[in-house]
Amino acid sequence: RALPTSAGALRQRLRQCAERIPEAEAVLDLLEKCPEHQKKGSFPVIVFEGLDATGKTTVTQAVKDNLNGILLRSPPACISQWRTVFDDERTPIKRAFYAAGNYILASEIAKASTQAPVIIDRYWHSTAAYAIATETSGEVQDLPPAQDEVYQWPEDLLKPDLVLLLTVDPEERVRRLQHRGLEKTKEEAELEANSLFRQRVEESYRRMVNPACQEVDASPSKEEVLKTVLQLIKKHCAF
Ligand SMILES: Nc1ncnc2c1ncn2[C@@H]1O[C@H](COP(=O)(O)OP(=O)(O)OP(=O)(O)O)[C@@H](O)[C@H]1O
Ligand SMILES: Nc1ccn([C@@H]2O[C@H](COP(=O)(O)O)[C@@H](O)[C@H]2O)c(=O)n1
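None of these values were measured; they are calculated from a predicted model.

A. Structural view of the environment of V225. Along the polypeptide, V225 turns up in helix α11 (residues 222-236). In the structure, V225 is positioned 170 residues away from G55 in sequence and 9.2 Å away in space, judged by C-alpha atoms. In contact with V225, not counting residues within four places along its chain, are V59, D217, A218 and P220.

If you want it as structure tokens, here you go:
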């Protein structure tokens, strides 16, 4: 399978291509500096997931402001300058880059969560959901079965306290995409063109376990979505 599900496996994958791709060596260097099996601090760690234009950037910023939190994203800023290089590579190398981003981010989460609530725009569930959806074709029924190990959280990756999956109906998502008008990645363009791919990504999010995603209808106004999200955080995270 294209997605390496441990720090050891993704290091090996990056090492194999490091001679040809100098940026892989740079990612490896950063990974080496991250202690393994990171532990979170006493503040809650809350992740927002979902297809593009479901409102993650909008809601993470608002939640961060509301909770006086620290906002992080995957892939983290320290490797995002190499993103386009890996997006143009073969799938296994591209997935190793995004997986590595999550392990590097875990170090940032560990530190930040000793200081304030941590709000994260995409983490492991995004890496897994896009990988799973790309490896299959056709209907959601063609995805690996619900209990498959692909939906498991990696054993050696720091776990969040709460994962909220933002969903909006396809028409509203397209309206938001058009309104925003940003440049799309290849995968985002495919997502827009291919409704089955979009359904597979969303269903893969829903099948993730340990931790599972809690779904939030993000179709209402920004204010209402924020209110719902803050209520869920209050209910699930003690701080
Ligand atoms: N609840 C909402 N109602 C109406 N418009 C919204 C709402 N939330 C976000 N938007 C608008 O939709 C667009 C996409 O939102 P945003 O950038 O937050 O999504 P995103 O999930 O972070 O996208 P991506 O993953 O591609 O970065 C923006 O123009 C934003 O202002
Ligand atoms: N943790 C992550 C984050 C992103 N991806 C890949 O990037 C694309 C979406 O990124 P945005 O910056 O537009 O939010 C998506 O196509 C994923 O393949 C990832 O794999 N893991």
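Back to the text.
B. Highlighting the site of ligand 1. Close to ligand 1 lie 16 residues, the nearest being A53, K56, T57, T58 and R180. Between ligand 1 and the protein, one listed contact pairs an oxygen atom with a backbone N or O atom of T54 at 3.2 Å. The separation between an oxygen atom of ligand 1 and a polar side-chain atom of R122 is 3.4 Å. Counting only elements with at least two residues in the shell around ligand 1, the list comes to α3 (56-67) and α8 (170-180). A per-element tally of the shell around ligand 1 places α3 first, with three residues. Considering only residue class, the shell around ligand 1 consists of four nonpolar, five polar and seven charged.

C. Spatial organisation of the nonpolar core. Counting residues in each nonpolar core, the largest one holds 55 residues, and the members touching the most others are L14, V27, F86, Y123 and W124. Top contributing element to this core by residue count: helix α6 (residues 91-112), with 13 residues. Counting 19 residues, the second largest nonpolar core, distinct from the first, contains L164, L166, V216 and I233.

D. Quick peek at the packing of α3 against α11. Two elements in contact, α3 and α11, have axes whose closest approach is 10 Å; the angle formed by their N-to-C orientations is 55°. Considered as vectors, α3 and α11 are oriented oblique to each other. Regarding α3 and α11, the two cross each other, and that crossing is right-handed. In this structure, α3 contributes T58, V59, A62, V63, N66 and L67 to the contact, and α11 contributes K222, V225, L226, V229, L230 and I233. Of the residues contributing to the contact of α3 with α11, the split by class is nine nonpolar, two polar and one charged.

E. Summary view of the packing of aromatic side chains. Enumeration according to the criterion identifies three aromatic pairs in this entry. Ring geometry for F86 against F97: centres 4.6 Å apart, planes inclined by 10°, an arrangement best described as stacked. Of the two residues, F86 is situated in helix α5 (residues 83-87) and F97 in helix α6; the sequence distance between them amounts to 11 residues. For the pair formed by F86 and F97, the shared burial category is buried. For the ring pair F97 and Y98, a centre distance of 5.2 Å and an interplane angle of 80° mean the geometry is edge-to-face. A residue is classified by how much of its surface remains accessible, and F97, at 0% relative accessible area, is buried. According to the relative accessible area criterion, Y98 is buried, its value standing at 11%. Aromatic rings pair up to connect F86, F97 and Y98 into one cluster.

F. Region of the structure containing the environment of Q12. Structurally, Q12 is set in helix α1 (residues 7-17). The spacing of Q12 and L28 is 16 residues in sequence and 9.5 Å in space, taken between C-alpha atoms.

What counts and how
- Residues numbered from 1 in each chain as written.
- Chains lettered and ligands numbered in written order.
- Predicted model: local features only at pLDDT ≥ 70, side-chain atom pairs only at ≥ 80, totals over all residues.
- Heavy atoms only, no water.
- Helix = DSSP H or I, 4+ residues; strand = E, 2+ residues; numbered from the N terminus.
- Contact = heavy atoms within 4.5 Å.
- Near = heavy atom within 4 Å.
- Polar contact = N/O pair within 3.5 Å; in protein donor to acceptor, adjacent residues only side chain to side chain.
- Nonpolar A, V, L, I, M, F, W, Y, C, P; charged D, E, K, R; others polar.
- Core = buried A, V, L, I, M, F, W, Y, C linked by side-chain atoms within 4.5 Å.
- Buried < 20%, exposed > 50% of the residue type's maximum accessible area, 1.4 Å probe, protein only.
- Axes fitted to C-alpha atoms, helices over the stretch in contact; angles between N-to-C directions.
- Parallel < 35°, antiparallel > 145°, perpendicular 65-115°, else oblique.
- Left-handed = near helix turned anticlockwise from the far one by under 90°.
- Phe/Tyr/Trp six-rings, centres within 6.5 Å; stacked < 30°, edge-to-face > 60°.

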